[in-house]
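The primary structure of each chain is shown beneath.
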Amino acid sequence: MLMFTLKRLGLAILVTFTVSLLSFSLLFMSGDPASAIAGENASATDIEAIRALYGFDRPFLVQYADWLFGALSGDFGQSYYFRVPVAQLIGERLSTTMLLGVCGISFALVTAIPLGVAAAMRPNSLIDRTALFLSVMGQAMPSFWFGLVLIVVFSIQLGWLPPSGSSTWKHFIMPTVVLGYYAMPAIMRLTRAGMLEVLNADYIRTARAKGASETRVMFKHALRNAVVPVVSLAAVQMGFMLGGSIVVESIFALHGAGYLAWESIARNDLPTVQALILIFSLFYIVFTFLSDLVNAWLDPRIRVG
Amino acid sequence: MSEPVLKVDNLTIDIPMAQGTLHAVRGIDFELKRGETLCIVGESGSGKSLTSLAIMGLLSKKMRCNAARLDFSGIDLRKQSPRAMRALRGDRMAMIFQEPMTSLNPAYTIGDQLMEALQLHRPVGRAEARARAIELLGKVGITAAESRLSQYPHQLSGGLRQRVMIAMALMCEPELIIADEPTTALDVTIQAQILRLLADLQREMNMAMILVTHDLGVVARIADKVVVMYAGEVVEKGSAREIFENPRHPYTRGLLRCIPVPGKTKPGEHLGSIPGIVPSLIGKVEGCAFRSRCDVAEAACASDVPVRRTGEDHMYRCIHEVQAGAPS
Ligand SMILES: Nc1ncnc2c1ncn2[C@@H]1O[C@H](COP(=O)(O)OP(=O)(O)O)[C@@H](O)[C@H]1O
Ligand code: SF4
Ligand SMILES: [Mg+2]
């Protein structure tokens, strides 16, 4: 297990470096950063002055090293637009996005796994069809449209939930549902398929031959094996959800990192965009790493060589 | 004589299929007493596994199982609720399967799975269950039993896994053990060891055992009774001595091309193969199902075939009273 963990950790660090290099290069991919900052009507001398001020005239690798060391110590430079340190800007917003992400994936798992298990226990039954319907709906409906429907029904017509903002837990209910529903179909269908496959396994028959109850067969013997690929999928979905949270945060005016990313892209605020890409990627890398560990714990064939 | 542990009378199993009903098991009967070993032989597809699963109550829901009698130690299995069947399974009757590589759950240790078998049926703590697991692993000839408990199935060879399966089946000291081709998937050298182990444990624990096997040498050595199945029917059954010394049915004779004698045939000698294929059992099956492959078939074989008895406990289904031709 230790070797396994170290190997995965090494891999994660390697990927992090690659990603950091890519997100830094972004600065130069979208044209000359100095003229971008200076604005459309700036003179050539202004642009040169900005180039020197920001150090864009130095060699690429020197700039990268400078940026990376800054990033490692939590310094991502100044936001071009807000004129405050990027780290401070993101720090204020990130907790909202993280909370939303955790709520969203929890909602997805808590609905998708039981539904997938129930559907697999009785294929083609009413519950299986309902689950299929819900998952097709989840895939067909764009998040922004679903979000607007919820606002119309629960905020405007029923008045139960606040339509926007992030001050109380009530503000998070609809965003959680929208974001979670986005990840639910894939998880549900993988759980169902995994359970159907596992239920045909010989060891399930062995469990029944021992006199285990159906509940025990389902949850102790089958789900434990069926859930292994679901964990990996959930990690990937969690990554997608960070992207999805850009949409969800804008609909519900939750001022999180996703919303910030949208604003920063629109305003060409490159240091903020760079930092957000790096942080979102880091999240993704950490989820994948954690899901590898959880999988190893669930499946001894990975853990014990 | 003691009360039989198992009494099966006119057991039929039908499987609804797209093309019609598959009559997989067509009215078989046998009985078995404590301490006896009954061997079921017959080529694959003849219904041996389904018969075993029917006794355990493990047939899938879509299959229809009927019997005039299905008694286990005086309990009518036909009338038991699923809960009551669960209480019997793994406790008083246990089963060992053909596929040791996949019959253990890959996610749990050997120890967990062994202990579960006891704790499902007895109110014992972990320590006691653990001690019993170690004891049983020792009984099935696994060395360093204690350290095996924390291992996972994928760390063991096929032979060891089958020993673990045997240990698991015996955790609660069942009265009846059903072993469905327990060695077919194993190396030839391991096969003999596992079968000898099963036979020894059966005697030691005085269980009734049903052994489904292809190994006629083993049948000759350990069977008290033999049931020969063909296309879902018992074509011949009797005491092992009768079947080996005095086989009546042409199919049995084909299997015993050189008739082994109890004690003389070496383990590992396999059933002779008979050319031809088994007819489809979908829809109504009439006459002797063996007739397309039988050397001595006649027109009468296409209609009802009489059940004949010779001696006390020897029965066969054939139109011929005494088998034509000398035993080959
Ligand atoms: N789950 C199933 N669905 C459909 N047919 C089956 C199923 N299991 C067994 N059968 C059929 O029933 C017959 C008897 O099978 P089985 O009892 O496994 O034979 P054996 O163990 O003697 O090889 C075979 O024709 C087989 O194809
Ligand atoms: S009944 Fe006819 S076909 Fe069947 S075994 Fe006897 S002789 Fe052969
Ligand atoms: Mg079989």
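Keep in mind that this is a model prediction, so the values were computed, not measured.

### Considering the overall build of chain A
A count of helical and extended segments in chain A gives 13 helices and zero strands. Taken from N to C terminus, the helices and strands of chain A fall in the order α-α-α-α-α-α-α-α-α-α-α-α-α. By its C-alpha atoms, chain A is 85 × 55 × 30 Å across when sized along the principal axes. Across chain A, every contact between residues at least 6 apart in sequence was considered, and the portion connecting residues at least 24 apart equals 73%. Working note: accessible area of chain A is about 15,100 Å², and carbon and sulfur atoms make up 69% of it. Averaging the coordinates of the 20 positive side-chain charges in chain A and doing the same for the 17 negative ones gives two points 20 Å apart.

### Focus: the domain arrangement of chain B
Residues and elements named next belong to chain B. Entries for chain B in the domain assignment read domain 1 (6-82 + 175-317) and domain 2 (101-171). If you average the C-alpha positions of domain 1 and of domain 2, the two centres end up 29 Å apart. Tallying the contact residues gives 12 residues for domain 1 and nine residues for domain 2. For the pair domain 1 and domain 2, the summed buried surface comes to about 920 Å²; carbon and sulfur atoms form 76% of the total. Taken together, domain 1 and domain 2 are joined by one salt bridge. A salt bridge links Glu 204 to Lys 139; its shortest N-O distance comes to 2.9 Å. If you look at where domain 1 meets domain 2, you find three residue pairs in polar contact (both at pLDDT 80 or more). No other element matches helix H7 (residues 188-204), which puts seven residues into the side of domain 1 that touches domain 2. Of the residues that constitute the side of domain 1 that touches domain 2, the class distribution is 10 nonpolar, one polar and one charged.

### Digging into helix H3 (residues 110-119) of chain B
Burial runs high along H3(B): eight of the 10 residues are buried. Among the residues of H3(B), those classed as buried are Ile110(B), Gly111(B), Gln113(B), Leu114(B), Met115(B), Glu116(B), Ala117(B) and Leu118(B). Each element contacted by the buried residues of H3(B) is listed here: helix H10 (214-251) of chain A together with helix H4 (126-139), helix H5 (145-148) and helix H6 (158-170) of chain B.

### Re the interface of chain A and chain B
Taken residue by residue, the interface counts 22 residues in chain A and 25 residues in chain B. Contact with chain B buries area across many residues of chain A, yet Arg205(A), Ala209(A) and Lys210(A) alone supply 28% of it, more than any other trio. Notably, a salt bridge pairs Glu99(B) with Arg205(A), separated by 2.9 Å at the nearest N-O pair. The tally of links from chain A across to chain B stands at 14 residue pairs in polar contact (both at pLDDT 80 or more). Put simply, the parts of the chain that give the side of chain A that touches chain B at least two residues each are helix H9 (202-209), H10 and helix H13 (300-303) of chain A. For the side of chain A that touches chain B, the per-class residue count stands at six nonpolar, six polar and 10 charged.

### Some points on the site of ligand 2
Taken together, His249(B), Pro250(B), Cys288(B), Phe290(B), Arg291(B), Cys294(B), Val296(B), Ala297(B), Cys301(B), Cys318(B), Ile319(B) and His320(B) are the residues near ligand 2. Here the residues of the shell around ligand 2 sort into nine nonpolar, two polar and one charged.

### Things to note about the packing of helix H7 (residues 143-157) of chain A against helix H8 (residues 173-199) of chain A
Residue and element names in this part refer to chain A. Remark: H7 packs on H8, axes separated minimally by 10 Å, with the N-to-C direction vectors making an angle of 145 degrees. Here H7 runs over H8; the crossing is right-handed. Along its contact with H7, which presents Ser 143, Phe 146, Gly 147, Leu 150, Ile 151, Phe 154 and Ser 155, the element H8 presents Met 174, Val 177, Val 178, Tyr 181 and Tyr 182. The residue inventory of the contact of H7 with H8, partitioned by class, reads nine nonpolar, three polar and no charged.

### Some details on the nonpolar core
All names here are of chain B. Counting residues in each nonpolar core, the largest one holds 107 residues, and the members touching the most others are Leu 6, Phe 30, Leu 114, Ile 166, Leu 176, Ile 210 and Val 226. Of the residues forming this core, the biggest block, seven residues, is contributed by H6. Each of domain 1 (6-82 + 175-317) and domain 2 (101-171) contributes no fewer than three residues to this core.

### A few points about the pattern of salt bridges
In total, this model carries 31 salt bridges over all chains according to the counting rule given. Salt-bridge contacts for Asp292(A) lead to Arg8(A); the nearest nitrogen and oxygen are separated by 3.0 Å. With Asp292(A) in helix H12 (residues 270-298) and Arg8(A) in helix H1 (residues 2-29), this pair connects stretches of sequence that are 284 residues apart. The class for Arg8(A) is partly exposed, based on a relative accessible area of 31%. With a shortest N-O distance of 3.2 Å, Asp299(A) and Arg301(A) are connected by a salt bridge. Note on Asp299(A): relative accessible area 13%, which makes it buried. The partly exposed category is assigned to Arg301(A), whose relative accessible area is 43%. Each member of the salt-bridge network shares a partner with another, and the members are Lys210(A), Arg216(A), Lys220(A) and Glu116(B).

The rules we used
- Residue positions are given per chain, counting from 1 as you read along its sequence in written order.
- To label them, take the chains in the order written and letter them from A, then take the ligands in the order written and number them from 1.
- Predicted model: local features are reported for residues with pLDDT of at least 70 only, side-chain atom pairs are reported and counted for 80 or more only, and whole-chain, interface and lining totals are derived from all residues.
- Neither water nor hydrogens contribute to the side-chain values; these are computed over all heavy atoms in the structure.
- Numbered from the N terminus, helices here are DSSP runs of H or I no shorter than four residues, and strands are runs of E no shorter than two.
- Any two residues whose heavy atoms approach within 4.5 Å are treated as being in contact.
- Using the Shrake-Rupley algorithm and a 1.4 Å probe, accessible areas are obtained, with residue cover drawn only from the displayed protein chains.
- Charge assignment in this entry is limited to Lys and Arg as positive and Asp and Glu as negative, and neither His nor the chain termini are counted.
- Taken as the charge centre is NZ of Lys, CZ of Arg, CG of Asp or CD of Glu, depending on the residue.
- As annotated, the domain borders come from an automatic or database domain assignment.
- Take the accessible area each of two parts loses on contact, using a 1.4 Å probe, and add the two losses: that sum is the buried area.
- For this document, the term salt bridge refers to a Lys or Arg side-chain nitrogen within 4 Å of an Asp or Glu carboxyl oxygen.
- Think of a polar contact as two N or O atoms within 3.5 Å of one another; within protein, one of them needs to be a possible hydrogen donor and the other a possible acceptor, and neighboring residues in sequence only count if both atoms come from side chains.
- Any residue outside Ala, Val, Leu, Ile, Met, Phe, Trp, Tyr, Cys, Pro, Asp, Glu, Lys and Arg is labelled polar, Gly included; the first ten of those are nonpolar and the last four are charged.
- Accessibility here uses a 1.4 Å probe with only protein chains present; expressed as a share of the type maximum, an area under 20% marks a residue as buried, one over 50% as exposed, and anything in between as partly exposed.
- Being near a molecule or strand, for a residue, comes down to having at least one heavy atom within 4 Å of it.
- Axis lines are fitted to C-alpha atoms, over the contacting stretch for helices. Their N-to-C directions set the angle, which ranges from 0 to 180 degrees.
- Left-handed is the label given to a crossing in which the near helix is rotated counterclockwise from the far helix by less than a right angle, and right-handed is the label when the rotation is clockwise.
- Remark: nonpolar core denotes a set of buried residues (Ala, Val, Leu, Ile, Met, Phe, Trp, Tyr, Cys) joined through side-chain atoms within 4.5 Å.

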